[in-house]
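# Analysis of the macromolecular model
Okay, here's what each chain looks like letter by letter:
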Amino acid sequence: MIKRIKSQFPIFKSHPKLIYFDSAATTFKPESVIRAITNYYENLGANVHRGVYSLAEQTTLAFEKAREKIASFINASPEEIIFVRNTSEAINLVALGFLQKRLKKGDLILSTILEHHSNYLSYLQLAKERNASFICAPLKKDGRLDIDFLKEHLKEACFLAITKVSNLTGEILALEEIVQKAQKLSLPILLDAAQAAAHLPLDVKKLPVDFLAFSGHKVYGPTGIGVLYVKKERQKELFPIFFGGEMVITVKKNHQPVFNQPPYRFEAGTPAIAETIGLAEAIRFIEKLGWPTIIEHEKKLCEYMLTKLLSLEGVQLIGPKTPVSRLAIFSLAIPGVHPHDLAQLLDEKGIAVRAGQVCAAPAVHAFGQEAILRASLAVYNQKSEIDKFITVLKEAISFLKR
Amino acid sequence: MFYREKILEIYKNPRHFESLATFNLEAEKENPFCGDRLKVRIKLKNGLIEKIGFTGEGCVLTIVGASMAGDLVLGQRVEKVATITLQDILRSLKLQKILPSREKCLTLGLTTLKEAYLQNKRAISRKEENESEFFSDNQGFPRR
């Protein structure tokens, strides 16, 4: 089964020996996604929402079908799906088009120490500009997030920004209760689903957040396409920050613009058509595999890697040490050995891992580290690759130990 | 490729890594890419670099790069620091090139040395303005 999954990814034909443990940075793309992108350029090729000729109609249809597919992926309506470049852009749109419009001096923005810089810097910046507060839920002793901290501060907060899965520790945050409580207070919530979207089902009806963001390239889809879900009830509170074609219906003779409806109001200019169609195909890839298969396979990998890592001497695992509520993302600190050196030695043996602060410096620092080594797995990985990784890691550590 | 015996040997026995108690110049620099941080203190005698002392932690390339940068300027006039480049360090290690992402590691020591030199230059121009005796060879750079 897993062999068949791997064979769907052409990158492994170009690099048959590659062990890719950096899927939290970006996932590889299955052939079907690459074919969908090529198909657009070879057979459709027109712009969307503009021409009246048949190719333009077909392109528009394919593009809007893609929107429907992407909406169904998170159980939203197509009108609630805004296309952007990536998660960072999605969050910036909310920060500037929504939060900035309402943030006042003394307001409180609530978040967590586990956030990716994407779901952190915009608020930090806004808070500075407006003299507002920005506070983050800390870690607990077991390396998991202190969710209770959020509960205690919900009433004072004007906005809650939170990730579903930490890109550093792999922890899956249990957010049902906090979202329910925030809902009762009409507190707007943004969920950063970038790290979650390829590994667990998302449902904006079951977890009724106001905003949800994810990137195509982390869900086996193309780069350059991201998704911002905005709940219908919040759409009128979101202001466009990019102006231009398509987001406006017309400009009257007195220079008064008549803005388009959401989601188009927030999609100025020609969108990433091929990438959007490619993302819909990536979602079809996930659907064909099915969540039970994906979750079971990745859980096995996670349990296997955890057992191996926890028995390694001199290796510190950052974050949750039990396979419960976590993904197969493993950040390691090895006292006396620099992660960049390890990453380079692993690379020489054909193993791709990440080293550094993984765009989550506040979280890395909260764990008392400056830089870590991260191995992040996805559906195309296999147990045998974990064995090789552990062997090479051990060799590299003893080689570098002073 | 970069972790040949020679490089690892320097890493395990780094040069110019000590904390100097008396010194004239001091600077600290960070590699924001990974958070590695080096501090350097330089002791001068008659305008020549008599001693270099790095402190801090870093990856193999950071430690080796600092060691080699130290070798290249020790005993030289302090102005020499400004002329040393990444290429000089690569040449001293008999390397053609390294991954662009690791260049900052290899040059962190050099950057720190340059910062110390620049501070010295700025201080000298200040000294000329103020005619103060702030810097002299037998006087330690004040700790901050």
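Please refer to the structure higher up on the page.
One structure accompanies this document, and this report is about it. (Residues numbered from 1 in each chain as written. Chains lettered and ligands numbered in written order. Predicted model: local features only at pLDDT ≥ 70, side-chain atom pairs only at ≥ 80, totals over all residues. Heavy atoms only, no water.)

Before going further, it helps to examine the packing of helix α10 (residues 291-310) of chain A against helix α13 (residues 383-400) of chain A. All names here are of chain A. Across the interface, α10 lies against α13 with an axial gap of 10 Å and an inter-helix angle of 20°. In terms of orientation, α10 lies roughly parallel with respect to α13. In this structure, the crossing between α10 and α13 has a hand that is right-handed. Two secondary-structure elements touch here, α10 through Leu301, Tyr304, Met305, Lys308 and Leu309 and α13 through Lys383, Ile386, Asp387, Phe389, Ile390 and Leu393. Split into classes, the residues belonging to the contact of α10 with α13 amount to eight nonpolar, no polar and three charged. (Axes fitted to C-alpha atoms, helices over the stretch in contact; angles between N-to-C directions. Helix = DSSP H or I, 4+ residues; strand = E, 2+ residues; numbered from the N terminus. Parallel < 35°, antiparallel > 145°, perpendicular 65-115°, else oblique. Left-handed = near helix turned anticlockwise from the far one by under 90°. Contact = heavy atoms within 4.5 Å. Nonpolar A, V, L, I, M, F, W, Y, C, P; charged D, E, K, R; others polar.)

What follows deals with the interface of chain B and chain A. Interfaces are often described in size by the accessible area the parts lose on coming together. On the chain A side, the residues contacting the 20 residues of chain B number 14 residues. The junction of chain B with chain A conceals about 1,500 Å² of combined surface from both sides, 49% of it contributed by carbon and sulfur atoms. Viewed at the interface, chain A and chain B are joined by one salt bridge. The salt bridge partner of A:Asp341 is B:Arg102, with a shortest N-O separation of 3.2 Å. Taken together, chain B and chain A are joined by eight residue pairs in polar contact (both at pLDDT 80 or more). When residues of the side of chain B that touches chain A are traced back to their parent elements, those giving at least two are α1 (5-12) and α2 (60-73) of chain B. Considered class by class, the residues forming the side of chain B that touches chain A number 14 nonpolar, two polar and four charged. (Buried area = accessible area lost by both parts, 1.4 Å probe. Salt bridge = Lys/Arg side-chain N within 4 Å of Asp/Glu carboxyl O. Polar contact = N/O pair within 3.5 Å; in protein donor to acceptor, adjacent residues only side chain to side chain.)

Residues and elements named next belong to chain A. Within the element layout of this structure, asparagine 86 appears in the loop between β2 (81-84) and α5 (87-102). Take asparagine 86: its relative accessible area is 22%, and that puts it in the partly exposed class. In sequence terms asparagine 86 and alanine 194 are 108 residues apart; their C-alpha atoms lie 8.9 Å from each other. For asparagine 86, the contacting residues outside a window of four places in its chain are Ser215, Ile225 and Gly226. Reaching out from asparagine 86, the side chain makes a polar contact with the backbone nitrogen of glutamate 89 at a distance of 2.9 Å. (Buried < 20%, exposed > 50% of the residue type's maximum accessible area, 1.4 Å probe, protein only.)

Let's shift gears to the pattern of salt bridges. Residue and element names in this part refer to chain A. Applying the stated rule across the entire model yields 29 salt bridges over all chains. For lysine 6, the salt bridge goes to glutamate 385, with nearest N and O atoms at 2.9 Å. In this pair, lysine 6 sits in helix α1 (residues 2-6) while glutamate 385 sits in helix α13, placing the two residues 379 residues apart along the sequence. With relative accessibility at 5%, the residue glutamate 385 sits in the buried group. Of the charged contacts, one joins aspartate 210 and arginine 234 as a salt bridge, the two residues approaching to 2.7 Å between their closest N and O atoms. Taken together, the residues aspartate 210 in the loop between β6 (189-192) and β7 (211-215) and arginine 234 in the loop between β8 (226-230) and β9 (248-251) connect sequence positions 24 residues apart. Pair check on accessibility: aspartate 210 and arginine 234 agree, each one buried. Taken together, the shared-partner salt bridges connect Arg102, Asp210, Lys231, Arg234 and Glu237 into one network.

Here we come to the sheet that holds strand β3 (residues 48-57) of chain B. All names here are of chain B. Spatially, the three strands line up as an open sheet ordered β1-β2-β3, and their pairing is antiparallel. Looking at the sheet topology across the chains shown, the edges are occupied by β1 (25-31) and β3. Going across the sheet, the axis of each strand differs from the next one's by a mean of 20°, ignoring polarity. Inspection of the sheet shows β1 paired to strand β2 (residues 36-45) by seven bridges, in the antiparallel sense. Looking at the pairing, glutamate 30 lines up with arginine 37 of β2. In this fold α2 packs onto β2 and β3, with an angle of close to 175° to the strand it touches most, β3. (Pairing = 2+ DSSP bridges.)

Residues and elements named next belong to chain B. Taking the residues between adjacent antiparallel strands as the criterion, β1 and β2 are bridged by four residues, where glycine 35 takes a positive phi near 85°. With nine bridges joining them, β2 and β3 adopt antiparallel strand pairing. Looking across to β3, one finds that lysine 43 is bridged to lysine 51. The hairpin turn running from β2 into β3, its antiparallel successor, is two residues long, and asparagine 46 in that turn takes a positive phi close to 50°.

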